[in-house]
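Notes for the structure review
For reference, the chains in residue letters:
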Amino acid sequence: MNVYSDPILYDAIHKKYNWDLNLLTSIKKKIRSPVLELASGTGRLTNFFLNNGFDYTGMDNNLVFLEEARRKYKHQVDFVSGDVRNFNIKKKFNFIFMSYNSFQHILTNDDAKSCLKCVNSHLTESGLFLISMSIPRASLLYRGKNKLVVATEIFEYQNYKCQLMEENNYDEEKQINHIKWYLKRNNKIERESYNFDFRLFFPHQIDIFFSECNLVIKKKSSDIYGTPISEKSLVQIYECGK
């Protein structure tokens, strides 16, 4: 099982996932064309931008996902190949967006700042950059050795009721969560795992990164209602400009 080489499985997992759509809807009045989505994947959020009349470009370095996105949308939008850590599209955008937790697939501080510098260079002077990610919580990171927890809601895949189960091992020094996903199909957990690494960033680190990359935080919140970040918050959302 490889979630990121199987676009059908990826879309099945995210079919009922509405976090990003709710966030985008909450700030729709602030979005202006042209739009760039970084790590656009299979184009699961593209419809939001098309349905609202935005000039949209999606970028990803996963060629399998890009092929699926182009198949879905034909010639309606541009999907370009590029690495979020270092990209040059030779165009500026009024709105740049990364979906929830996409930024956390960037594992080093240098690569994170390189990404943000690229965002800066592609953002217009009055443009907006929107990004959201989880906040590290001890209860979610230190679960116990080999403990499996539910990672997703139940979804349909290959005519089966499925769910992803997760175990993790958190490297506190590097702030990297080593994750294993197992597919639970009709209440049976398959032995094959999908392993990946996931970086955790604390809010104060993101603040520093933005400052070092000449991005100004316009608004910082923990939900779509604009609630300030607190010690109990699970999510950090940033609206940034130049």
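In what follows, the structure referred to is the one given above.
The sections below set out a description of the structure shown in this document.

Conventions adopted
- Residues numbered from 1 in each chain as written.
- Predicted model: local features only at pLDDT ≥ 70, side-chain atom pairs only at ≥ 80, totals over all residues.
- Heavy atoms only, no water.
- Helix = DSSP H or I, 4+ residues; strand = E, 2+ residues; numbered from the N terminus.
- Contact = heavy atoms within 4.5 Å.
- Buried < 20%, exposed > 50% of the residue type's maximum accessible area, 1.4 Å probe, protein only.
- Pairing = 2+ DSSP bridges.
- Arc of directions from axis to C-beta.
- Polar contact = N/O pair within 3.5 Å; in protein donor to acceptor, adjacent residues only side chain to side chain.
- Axes fitted to C-alpha atoms, helices over the stretch in contact; angles between N-to-C directions.
- Parallel < 35°, antiparallel > 145°, perpendicular 65-115°, else oblique.
- Left-handed = near helix turned anticlockwise from the far one by under 90°.
- Nonpolar A, V, L, I, M, F, W, Y, C, P; charged D, E, K, R; others polar.

Our focus in this paragraph is the side chain of His-122. Structurally, His-122 can be placed in helix H5 (residues 109-122). Contact partners of His-122, with chain neighbours within four places excluded, come to Phe-87, Asn-88, Ile-89, Lys-90, Lys-91, Lys-92, Phe-93 and Ile-96.

Residue alternation in strand S1 (residues 35-38) divides its side chains into two sets, Val-35 and Glu-37 and Leu-36 and Leu-38, and both sets are buried. Across four bridges, S1 lies against strand S2 (residues 56-60) in parallel orientation. Counterpart to Leu-38 in the pairing with S2 is Met-59. Looking at chain direction, S1 and strand S4 (residues 93-98) are connected through four bridges and run parallel. Bridge assignment links Leu-38 to a residue of S4, and that residue is Met-98.

Below, the discussion takes up helix H4 (residues 63-73). Because the α-helix completes a turn every 3.6 residues, residues three or four places apart line up on one side. Every buried residue of H4 is listed here: Phe-65, Leu-66, Glu-68, Ala-69 and Tyr-73. Here the buried residues of H4 occupy an arc of 160° about the axis, which is enough to place them on one side. Residues of H4 that are exposed and point over 90 degrees away from its buried face: Leu-63 and Glu-67. Taken together, the buried residues of H4 touch helix H1 (7-14), helix H3 (46-51), S2 and strand S3 (78-81). The N-terminus of H4 is capped by Asn-62, whose side-chain oxygen sits 3.1 Å from the backbone nitrogen of Val-64. Two residues or fewer after H4 comes Lys-74, characterised by a positive phi angle close to 50°.

Two numbers describe how H5 lies on helix H7 (residues 203-212): the axes approach to 9 Å, and their chain directions differ by 50°. Accordingly, the angle class assigned to the pair H5 and H7 is oblique. The handedness of the crossing between H5 and H7 is right-handed. Residues Asn-109, Ala-112, Lys-113 and Leu-116 of H5 form the contact with H7, whose participating residues are Phe-209, Phe-210 and Glu-212. A class-by-class count of the residues in the contact of H5 with H7 yields four nonpolar, one polar and two charged.

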